[in-house]
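Now for the letters of each chain:
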Amino acid sequence: MSDTPPRQLHLNVNVNNSGRHPAAWRVQPDPLGFLDLGYYETIGRLAERGKLDAVFFSDGFDYGQPSVSRPWQSLDPLVPLTAIARVTEHVGLVATQSSSFEHAFNIARATASLDFISGGRAAWNVVATRNTAAAGLFGLDELPPHDDRYERAEETVRAVIGLWESWEADALIADQSTGEFADPTRIHPIEFSGRHVRVRGALNVPRSPQGRPVLLQAGGSPQGTALASRYAEAVFSVSHTIEGGREFYADVKNQAAAWGRRPEDIVILPGLFPVLGGTEREARERKRWLDETSGLDNELAALAGTLGLQVEDLALDETLPWDLLEKASAPSQGFAQAILDLAHRERLTVRELLDKNPNGHRSFVGTPEQVADTIELWFRERAADGFNLNVDYFPDGLESIVDHLVPELQRRGIFRTDYTASTLRGNLGLPVPQPLADATASPAGS
């Protein structure tokens, strides 16, 4: 008999302000909850009650201009995550920080600080910001080219890892009887010099309680998957079909193996947007109610933006304008390609596409049993190791997931009934990684 434990499904909740659906802020109890730390504490407690692996915060820097038609990611992710850390004990805390604008030292220090505050539950989600509106906020006329952003992302990752590892685990002694506080021979300043990033010195936060914070990545371009396969320990992805999910899963795992990593040490988490009801009819009625509350204008504008088109380029009862798409420049290659693959495969009109894919991630409307069916299928077919769950609106949608979907997954024996570790790394089944031997060298010199 094999001593290898069975695979464990992993679930995060994507805390995107009021919820994934455009109508979320119009139906939840407090439309300004996205500015209230108590609101996020409620979400964190719910996620922990459901034994979820982590709460995940994206970031985007802007406020949804020019229309400002719904809430946005306003608070710095580290602030609500710190609040959640203080009212929970187990759920992980994933903060998105941009390698395009944040310096490696600031990222390393902030994430290590969150790790100490939470007792080893922090993670950094690496993004090479694609939001053009953010450039001016950081004094740039425009975003650097895509390849330059990912080159900077890799340098930032290596520098951050080097800083996290600049303290040995036993460097901090704090022996009151002898007066020895820290051993300077166990603190190792780094010298990192890349084309975009330079760091000289050691982190001022000691070694993380979980060895080092978990490193996550979100990006579906070839450069994004290359970065993920080499450094990330979990990947947030966009897949709308099980065939596409299996292909992405195998690609990242195979690339990881080529870097000398164990494929099981990288967790693949596609986005999933379930809308739940006690019956299929109730679920569809909930979706219809939300759609009618928001109207199609906002969703149509979001779809056009994702594809790099103008709203007037899309006609609701026609298929996508493939001739225009050949010339379009989408801000996110991963999101755009997943949508295009779905629309082409099923020959969907724009209206049908909005119904199936209102906000980029795969949507599923149905009962907890039906949603569990698709989750289990993707998991067993190795199209996913778990999912980054999107919620239609908080807190109601998350309560439905926790109280109805999670118990169904537990009954099937694929999701935990309790936490088994004290750190996020432990609950994800990830080992403490070996030190990055060449962390202080620039990518060109490795």
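Before reading further, recall that the structure is shown in the block above.
Just so we're clear, the structure is a prediction, and the values are computed from it rather than from any experiment. (Residues numbered from 1 in each chain as written. Predicted model: local features only at pLDDT ≥ 70, side-chain atom pairs only at ≥ 80, totals over all residues. Heavy atoms only, no water.)

A. Here's a closer look at the pairing of strand β5 (residues 172-175). Of the pairings in the sheet, the one linking β5 to strand β6 (residues 180-182) comprises two bridges and is antiparallel in character. Residue pairing for β6: L172 is matched across the bridge by A182. (Pairing = 2+ DSSP bridges. Helix = DSSP H or I, 4+ residues; strand = E, 2+ residues; numbered from the N terminus.)

B. Highlighting the pattern of salt bridges. Enumeration over the complete set of coordinates arrives at 28 salt bridges. Salt-bridge contacts for R195 lead to E151; the nearest nitrogen and oxygen are separated by 2.6 Å. Of this pair, R195 sits in the loop between β7 (190-193) and β8 (198-201) while E151 sits in helix α6 (residues 146-164); the two residues are 44 residues apart in sequence, bridging distant segments of the chain. Its relative accessible area of 57% is what places R195 among the exposed residues. Note on E151: relative accessible area 31%, which makes it partly exposed. A salt bridge links R425 to E233; the shortest N-O distance between them is 2.3 Å. Residue R425 is found in helix α16 (residues 424-427), and its partner E233 is found in the loop between α7 (222-231) and β10 (234-237); the two are separated by 192 residues along the sequence. (Salt bridge = Lys/Arg side-chain N within 4 Å of Asp/Glu carboxyl O. Buried < 20%, exposed > 50% of the residue type's maximum accessible area, 1.4 Å probe, protein only.)

C. Geometry of unusual backbone geometry. Cis geometry is adopted by the peptide bond preceding P395, which originates at F394 and carries an omega value of -5°. For R382, which is not a glycine, the phi torsion comes out positive at approximately 55°. You can see R382 is positioned in the loop between α14 (368-380) and β13 (386-390). Relative accessible area serves as the criterion here: at 42%, R382 is assigned to the partly exposed category.

D. Local environment of the pairing of strand β2 (residues 54-57). Burial along β2 is two-sided: A54 and F56 and V55 and F57, pointing in opposite directions, are all buried. Note that strand β1 (residues 10-14) and β2 share three bridges and pair parallel. Looking at the pairing, V13 lines up with V55 of β2.

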